[in-house]
Amino acid sequence: MVWNTNLRWRLPVTCLLLEVALVVLFCIFVRYDPDADAHWMDEKLAGNISSDLENEFYYRYPSFQDVHVMIFVGFGFLMTFLQRYGYSGVGFNFLLAAFGIQWALLLQGWLHCYREGYILIGVENLINADFCVGSVCVAFGALLGKVSPIQLLIMTLFQVTLFSGNEFILLSLLEVKDAGGSMTIHTFGAYFGLTVSWILYRPNLHHSKQPQSPVYHSDLFAMIGTLFLWIYWPSFNSAVSSHGDAQHRAAINTYCSLAASVLTSVALSSALHKKGKLDMVHIQNATLAGGVAVGTAAEMMLMPYGSLIVGFSSGIISTLGFVYLKPFLESQLRIQDTCGIHNLHGIPGIIGGITGAVTAAFANSAVYGEEGLIQAFGLRSKLDSSMQAKLQAAGLFISLAMALVGGIIVGLILKLPFWGQAPDQSCFDDAIYWEVPENERTALRPEHTTLRPPEP
Amino acid sequence: MVWNTNLRWRLPVTCLLLEVALVVLFCIFVRYDPDADAHWMDEKLAGNISSDLENEFYYRYPSFQDVHVMIFVGFGFLMTFLQRYGYSGVGFNFLLAAFGIQWALLLQGWLHCYREGYILIGVENLINADFCVGSVCVAFGALLGKVSPIQLLIMTLFQVTLFSGNEFILLSLLEVKDAGGSMTIHTFGAYFGLTVSWILYRPNLHHSKQPQSPVYHSDLFAMIGTLFLWIYWPSFNSAVSSHGDAQHRAAINTYCSLAASVLTSVALSSALHKKGKLDMVHIQNATLAGGVAVGTAAEMMLMPYGSLIVGFSSGIISTLGFVYLKPFLESQLRIQDTCGIHNLHGIPGIIGGITGAVTAAFANSAVYGEEGLIQAFGLRSKLDSSMQAKLQAAGLFISLAMALVGGIIVGLILKLPFWGQAPDQSCFDDAIYWEVPENERTALRPEHTTLRPPEP
Amino acid sequence: MVWNTNLRWRLPVTCLLLEVALVVLFCIFVRYDPDADAHWMDEKLAGNISSDLENEFYYRYPSFQDVHVMIFVGFGFLMTFLQRYGYSGVGFNFLLAAFGIQWALLLQGWLHCYREGYILIGVENLINADFCVGSVCVAFGALLGKVSPIQLLIMTLFQVTLFSGNEFILLSLLEVKDAGGSMTIHTFGAYFGLTVSWILYRPNLHHSKQPQSPVYHSDLFAMIGTLFLWIYWPSFNSAVSSHGDAQHRAAINTYCSLAASVLTSVALSSALHKKGKLDMVHIQNATLAGGVAVGTAAEMMLMPYGSLIVGFSSGIISTLGFVYLKPFLESQLRIQDTCGIHNLHGIPGIIGGITGAVTAAFANSAVYGEEGLIQAFGLRSKLDSSMQAKLQAAGLFISLAMALVGGIIVGLILKLPFWGQAPDQSCFDDAIYWEVPENERTALRPEHTTLRPPEP
């Protein structure tokens, strides 16, 4: 098979066509939410609003900016750990996320904010668009180094669509609670990405292990991503929760869970190395599992110790996954998972979904108060908690099913031979899609495997 | 000409004199705004204030911190892309911005917040001081690698003064709207910097292209700057807008515009490379053009699709500028523009000014509501929209004129031979002004052009 | 002495035991603050609360996230400046801080928020836990490169305990004001760390200076830490101040002080180098001294010029400390201070304590207003300002005494030979505790002192 990786016409045309379509659709459909519309002033002076502070902006904007950092710096730099794939890691993530948020504003808008022919957007829509794109960033992690930017744009187009459909089924039809997106973002994103990677399996990749390993500095760049994800995760899980106590509680629970998963990730990383040494891969990834796993239940009355238990378990399971499950998936199931998203988002996402269902099952008015129970679980105060728990569990299975079926279809589309994908020997190498500084172009050639050679 | 680049007495004396002057002037003039003064408690208990939340602090502080990150991390790291000029890029930006914000507090204070002999400062002043310094950071981009820290301090002294005068003419005399500073910050800053660079033209710099190129890791450091600028730009454009809907709308418009310019920058970057490869320079810079170009109109009823169109166009024009205009400016007009600020801030700034004028021209009470129109365009509800549009356009021309005239004067001052500027062969090299780690001092010598040599 | 640095069982067991203990204690003691409890809804509907905005969350959450960035990214990356100790710098800081915040939630909770058998936590507790851990990060700076992760966990266990006791004495018993923690965090943390380092003195370390020096890129990584600390310090000093004017004022004062210390740090750095060159160590550290030194007085009516004077002085003193005091401490007092915390946190912390006492001594109702004075200095309106000043000074001495006595005890515990500490020749080398990329393992061997060899 002859690979044509010159994207000169295909990538520009793809980008421009998509963006023109977005402009047209925005022109037809998208307007401002009342909180962002200049008519707000008339409302205010008519006495319908007592203070500018009631504007949704002030409740959500700081969290929005934190989430925005996570999507672009967090996920972007987390994917710079490969020695010669940093431009692509951070750059392609930038590209797909910038496209994805626009497309998500439309799709989520049609499904959730469509009023009299218009989608009315405000700060909450911006957060939800970032969330949606978060699931694409997760899936990208499995494919890192093996796909072209055109493939990523096509995948984003479909994955955002599937995400929005799945989210609509869960949140609107089943009225499932999933504030931090353990199911809708992480479980869906991870199993979608793994399925696509399974379809795109490249049997000969393992012959060249070297470009898949990090160098010293690339691991430090990746830590920038890890830390911003870790720090801002309380904002992620609380950003779209109800005002007041729910938002407050979601931040506290996430803070606790993440702290616990750092300690157990370190413990397992050391215990599983024959000389007790720590592995940067675990520190960069498994420490975040607590944030994923507490996502669904973060706004519930999980209690701080409940959060610690969630973080404790997910740190352990995630590290075990990196050591034992990742090689198994590759060798036995033919699933190549570059960043190990199965261990950071897949399993912890499922834990998160189950935790949410269990926590909902134990919800009662003694714990939540009469009104608090109504507020926490929407309009379903008439349903008992066990019904909510069952719906939560159903939401988890639906997310998994959507991910698998969607992943197969999208994977087959991406397997078509004209998307400019790289041949095996050019995987994990920026030089195929980027103009790389001249004095470093030879760095990855097979005859120069040592980046910093010892003196003769 | 003999160059003396030993700054041992000149730099310390400059810094200390400036800081002593600032201390004296602050002592005479600067006090706290009522919202930051302990007498606030008396007001509150007298019933003049109903809640601490009415304190301006809570409306603006999160945006302020985001802007602060943009000035120091955003601009700072954006300028670390050169292979041996990272210390200076981030360090000199730190120095000039730290000086500039203090000087701007005074100048903007005298012009805008002078009450009974005192400048009363609050969080909005901090934001405006950061904005003012933003224009100096822009200008620094054109001069990067060619000026001494003393020259930068002198330039900051004058540019902050000129900025404040220009801003006063536009915002206070003409009552122009310019929330995100497309005109006052970007257009002014860019053309000021380019004019200074034109005066300081060094004809022999092109003989040594190598130090002006990046290395692999330096491009990743620069991406830290790019992404924090990109992420926090919605805060930049909304930070000083009116409370409520205007602030909310400015954030949404900027979010949309920036997303669009990522796609068109990528498209053009690939289309203009003979093998369709992406260029990090475009990804680092042109993706931000949407934020610059939407600055003036961000708080207006530009509509989300309007923002997309602005981002769409400016991403294209900015990338074209990097490919065609930058070499032309250097070879034909003798303007050396290290970071390409003409393409990131100059042209997009002008686009922003024009967009603002056009958007103002179409303002009417159907779009804004009766009160909204008054609120959006200040006290000039009596004037028709076309008058406002003309004033907006006038503001743009005044900014350009101030930049050109000011730039020539300041450029001539900076050309004086005693500011410790580096000779041509030491440009773009940290070692001239910094203690550089010993084992790397030889890195830039002409005989070692390859930083990471292949094995023999 | 035989060193066993294989942590395979010791580190995992330590981490897991600590985390299990935390889970049990959280289960017994920790619940949600009313503002984070679902019963909030019942309160609200009963009319006890008029708006969700009154939730403490909205007053403090943005500042909390900024502080969180400072602890994990700020301190973490500040400690990546060594050429081969970046993994440990950022990774061990991550580990100790994640453990420390959980332990601090308990200890500070018992001392400050214990109600009817439960610790009730909200966003303010999260900030205070981060603050407490900040003092451990400070102490870690003195020990960087010379201690094992187990030693760091043990130290955190004890230091958090001592911190909480000292904080309780100062804030609750003496009713000292210390918003930004000049005394409780910086002075205590620095002298505690220096005392521990004195006990753990390693006389032969100076024979291998090379691994203690930075390389070009590691200094840029450290600047990420510096800048995020610098930018977010206004949030640090204002995060737990009273709502409204105090929080507002603390941010302004810190902004001013930090800006001034950048100029004087640069001035002194250049003046103290024989060729007038700048030293990255000073830019990375002394520029922050203004934030430390204004900590105690930041929320007081220090006036903007007062803040400038504080920043001015502390930048000078801190840089002088790096040049003259650090070598003196090592050679004469046998105190090895890897990051120079004595100059960044120790002396500026003392300056901060004194500044606070002096500012309190001049407090009166003309400056603060009647109610403002009560608000600013708690319940002690009946006491005159000089009494408050004396208590402030007493607080400083108590912090120093606690640090010295505590540091000796903890230092002796850490000197026990079974914590997996590294031998002298493996200090400052990640390879002892981390799996380091293969092609770079040899980098620090004595025969390859040049990381990037010139071509033959």
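An unreviewed UniProt entry annotates chain A as Ammonium transporter Rh type C of Equus asinus. The UniProt entry for chain A carries the following text under Sequence similarities (unreviewed entry): "Belongs to the ammonium transporter (TC 2.A.49) family. Rh subfamily." Looking at chain A in UniProt, the text filed under Subcellular location (unreviewed entry) is "Apical cell membrane".

Student: Any chance you could explain the overall build of chain A here in plain terms?
Tutor: Of regular secondary structure, chain A possesses 16 helices and three strands. Dimensions of chain A along its principal axes, counting C-alpha atoms only, are 80 × 55 × 40 Å. By the burial criterion, 69% of the 456 residues in chain A qualify as buried. At a minimum sequence separation of 6, the contacts of chain A that also span at least 24 residues come to 82%. Summed over all atoms, the accessible surface of chain A reaches about 13600 Å², with 65% contributed by carbon and sulfur.

Student: Looking at this model, I keep getting lost on the environment of Ala251(C). Mind explaining?
Tutor: Mapping Ala251(C) onto the fold places it in helix α9 (residues 245-271). Between the C-alpha atom of Ala251(C) and that of Ser238(C), which follows or precedes it by 13 residues, the distance is 5.6 Å. What Ala251(C) contacts, discounting residues up to four positions off in sequence, is Phe57(B), Tyr61(B), Pro234(C) and Ser238(C).

Student: Teacher, can you tell me more about the relation of the copies chain C and chain A here?
Tutor: In summary, the two copies of the chain are related to each other by a rotation about an axis coupled with a shift along it. It takes a turn of 120° to lay chain C on chain A, together with a shift of 0.0 Å along the axis; the resulting RMSD is 0.0 Å. Overall, the copies show the geometry of a three-fold rotation axis. Little of the interface of chain C is mirrored in chain A, where only 14% of its interface residues are also at the interface.

Student: Would you mind going over the interface of chain B and chain C with me for this structure?
Tutor: Often, the extent of an interface is quoted as the loss of accessible area on bringing the components together. With 84 residues of chain B at the contact, the number on the chain C side is 82 residues. The tally of links from chain B across to chain C stands at zero salt bridges. Applying the counting rule to chain B against chain C returns 29 residue pairs in polar contact (both at pLDDT 80 or more). Elements with a contribution of two residues or more to the side of chain B that touches chain C: α1 (10-29), β1 (30-32), α2 (40-45), α3 (56-78), α4 (86-112), α5 (123-143) and α8 (216-238) of chain B. Taken together, the residues of the side of chain B that touches chain C break down into 54 nonpolar, 16 polar and 14 charged.

Student: Mind showing me how you'd approach the side chain of Ser385(B) here?
Tutor: Residues and elements named next belong to chain B. Within the secondary structure, Ser 385 is located in helix α16 (residues 385-415). Looking at Ser 385, its side chain comes within polar contact range of the main-chain oxygen of Ala 363, at 2.4 Å. Once residues lying within four places of it in the same chain are set aside, the contact partners of Ser 385 are Ala 360, Ala 361 and Ala 363.

Student: Is there a simple way to explain the interface of chain C and chain A in this structure?
Tutor: Chain C puts 84 residues into the contact, and the matching count from chain A is 82 residues. Interface area, chain C with chain A, both sides summed: about 7100 Å², of which 71% is carbon and sulfur. The interface formed by chain C and chain A holds zero salt bridges in total. Taken together, the connections running from chain C to chain A amount to 28 residue pairs in polar contact (both at pLDDT 80 or more). Among the secondary structure elements, those contributing two or more residues to the side of chain C that touches chain A are α1 (10-29), β1 (30-32), α2 (40-45), α3 (56-78), α4 (86-112), α5 (123-143) and α8 (216-238) of chain C. Among the residues making up the side of chain C that touches chain A, the classes are represented as 54 nonpolar, 16 polar and 14 charged.

Student: In this structure, what is going on with the pairing of strand β3 (residues 118-121) of chain C? I would like to understand it.
Tutor: Consecutive side chains along a regular strand alternate between the two faces of the sheet. Residues and elements named next belong to chain C. Only one face of β3 is buried: it carries Ile 119 and Ile 121, and the other face, with Tyr 118 and Leu 120, is open. Examined bridge by bridge, β1 and β3 share three bridges and lie parallel to one another. The partner of Arg 31 across the bridge, within β3, is Leu 120. As defined by bridge partners, strand β2 (residues 114-115) adjoins β3 across two bridges and the pair is classed as antiparallel.

Student: Where do I start with the sheet that holds β2(C) in this structure?
Tutor: Sheet strands pair via backbone hydrogen bonds, and the direction of the pair is either parallel or antiparallel. All names here are of chain C. With mixed pairing, the three strands of this open sheet are ordered in space as β1-β3-β2. The open sheet is flanked by β1 and β2, the only strands paired with a single partner. On the sheet, α1 packs against β1, β2 and β3 and is oriented at approximately 55° with respect to β1.

About the criteria used
Residues numbered from 1 in each chain as written. Chains lettered and ligands numbered in written order. Predicted model: local features only at pLDDT ≥ 70, side-chain atom pairs only at ≥ 80, totals over all residues. Heavy atoms only, no water. UniProt positions renumbered as here; feature names shortened; annotations may be inferred. Helix = DSSP H or I, 4+ residues; strand = E, 2+ residues; numbered from the N terminus. Buried < 20%, exposed > 50% of the residue type's maximum accessible area, 1.4 Å probe, protein only. Contact = heavy atoms within 4.5 Å. Areas by Shrake-Rupley, 256 points an atom, 1.4 Å probe, with all protein chains shown as cover. Least-squares fit on C-alpha atoms with pLDDT ≥ 70 in both. Salt bridge = Lys/Arg side-chain N within 4 Å of Asp/Glu carboxyl O. Polar contact = N/O pair within 3.5 Å; in protein donor to acceptor, adjacent residues only side chain to side chain. Nonpolar A, V, L, I, M, F, W, Y, C, P; charged D, E, K, R; others polar. Buried area = accessible area lost by both parts, 1.4 Å probe. Pairing = 2+ DSSP bridges. Axes fitted to C-alpha atoms, helices over the stretch in contact; angles between N-to-C directions.

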